[in-house]
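# Architecture and fold: a report
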Amino acid sequence: MSSLIFLPLFFGFIIALKITLNSFLKKYRKYIVTYFSALSVMLIVLTIVLFPENSVKAAYRGVNTWFNIVLPSLLPFFICSEILIGLGVVNFIGTLLQPIMNPFFNVPGEGAFPFAMSITSGYPVGVKLAAKLRTQNILTKAEAQRLVSFSSTSGPLFMIGAVAVGMFNNATLGALIAIAHYLGAITVGLIFRFYGDKRKIPKKSEKSYIKKAFRELIKAKENDGRSFGMLMGDAVKESFNTMLMIGGFIILYSVIIEILTLTRLEELISYLITSLVPILEDKELIRATLSGIIEITNGCNMLSNVTNSSYLSKISIVSFLIGWSGFSIISQAASIISKTDIKLSIYTLSKFLHGIFASIYTILLYILFFKDKVKPASIVLQQGKVNFVSSDWISIFSFSTKIYFIILLCLILIGITLSLLNQKIVTR
């Protein structure tokens, strides 16, 4: 527990040190970044040349993960979302959900769409949709920044199926991690509602949001101006471009992690941390955490195999890593938001806060509700009676498509219910 408590302080110290040095190095930043980037790429290429077999195997693992899991899981969300944005359906849903998103998160109702899609599908769908809304000027710069702060979450399939069941052999743990993760995202959203200028909430000029929602739908479709055929073509093209970008980052970071392992840099960094901070004495735990900071899947898997630390320490760090998302996911988000004026530094800060809050919620929920329910190595799961993740490409694709339209229908029903309730309140 001592190492667990110190972990947020350690990362806080790193961030404080970065801020302190930032002003001093401002004059030379562009030179440092250029030389460091060039040197890093040269070292990566050199390592690939020295260890070609290991690098190819790592790249193959990345390709396999992207094609068999990530591609069928995310492609329906990207294509359908692009079409619905062009058709004005997102504006329709946004108008209906104004009563929720405005007071709580200080963003328009359209922000509910990326948030809901992120919760169901995972990284980096929320950022992709928020950036899309920003490029279409549906959101202001401040609103887009607020939205990406809490609409960049992991999906339940990863937390429950991959981490809880596949790595820790405990389905109940999935509920604990997922609840803490989404509570952390909501907390970050409530904090970031104060970021930037205060949003002007539109006056209730009419009793029914439903009529206004239909007018916004028609207006958005007219402003878009593309035919349905052109809209579908653009949606497929842009979605595949995004998926190829995501695949490239997955392969790149698979190779980078393999290089760090081969060159024993992870061991060196772990040794330095334990030497400088004796209170952090578990090198195995530190290595797993460092790996997760780079790429969450590999880090979570390593944490599940740590033997010398308490169960609570491991799962709370897992929650931090999933909230943080890793440099691999942050790099994907950086590529997506580079076409907008959303600041990467603010987004990165929000992911760090998300990890901290998710870790804190995990500890509290474990102590209050899950202590007797979450135990290591569930026998039932080891016997293979629970299976959340199908390896069949078509099954994953169809499942993701079904989930997409279910959540879309739920959003519309919630919006209509809120509109009817609002209408009754106004008439009274």
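Refer to the preceding data block for the structure.
Quick notes on the rules
- Residues numbered from 1 in each chain as written.
- Predicted model: local features only at pLDDT ≥ 70, side-chain atom pairs only at ≥ 80, totals over all residues.
- Heavy atoms only, no water.
- Helix = DSSP H or I, 4+ residues; strand = E, 2+ residues; numbered from the N terminus.
- Buried < 20%, exposed > 50% of the residue type's maximum accessible area, 1.4 Å probe, protein only.
- Contact = heavy atoms within 4.5 Å.
- Areas by Shrake-Rupley, 256 points an atom, 1.4 Å probe, with all protein chains shown as cover.
- 1 Å grid on protein atoms, 1.4 Å probe; cavity = no way out; pocket = protein on both sides within 12 Å on 5 of 7 lines; lining within 4 Å.
- Points joined across faces, edges and corners; volume = space filled by probe spheres on them.
- Nonpolar A, V, L, I, M, F, W, Y, C, P; charged D, E, K, R; others polar.
- Axes fitted to C-alpha atoms, helices over the stretch in contact; angles between N-to-C directions.
- Left-handed = near helix turned anticlockwise from the far one by under 90°.

## Observations concerning the overall build of the chain
Each helix and strand counted, the chain has 20 helices and 0 strands in total. With 428 residues in all, the chain has 48% of them scored as buried. Considering only intrachain contacts with a sequence separation of at least 6, the fraction spanning at least 24 residues in the chain is 81%. Total accessible area computed for the chain in this model is approximately 21,400 Å², and 68% of it derives from carbon and sulfur atoms.

## A look at the layout of surface pockets
Reported here for the second largest pocket is a volume of approximately 1,300 Å³. Along the wall of the second largest pocket there are 47 residues; nearest its centre are T65, V70, F158, E295 and T297. Breaking the lining of the second largest pocket down by element, the ones donating at least two residues are α3 (52-87), α6 (112-121), α9 (156-167), α12 (228-262), α15 (296-304), α17 (326-337) and α20 (393-427). The residue inventory of the lining of the second largest pocket, partitioned by class, reads 23 nonpolar, 19 polar and 5 charged.

## Things to note about the packing of α9 against α15
Contact geometry of α9 with α15 gives a least axis separation of 9 Å together with a crossing angle of 30 degrees. As α9 packs across α15, the resulting crossing turns out to be right-handed. Contacts between α9 and α15 involve F158, V163 and M167 from the former and I296, T297, C300, N301 and S304 from the latter.

## Considerations on α6
Most of α6 sits inside the fold, with 8 of its 10 residues counted as buried. Within α6, burial applies to A112, F113, P114, F115, A116, M117, S118 and S121. With its phi angle positive at about 95 degrees, G122 sits one or two positions after the end of α6.

## Description of unusual backbone geometry
Positive phi is not limited to glycine here, since N106 has a value of about 60 degrees. Looking at the secondary structure, you find N106 in the loop between α5 (98-105) and α6. In this structure, S325 is a non-glycine residue whose phi angle is positive, near 85 degrees. Relative to the helices and strands, S325 resides in the loop between α16 (311-324) and α17. Given the relative accessible area of 0%, S325 is considered buried.

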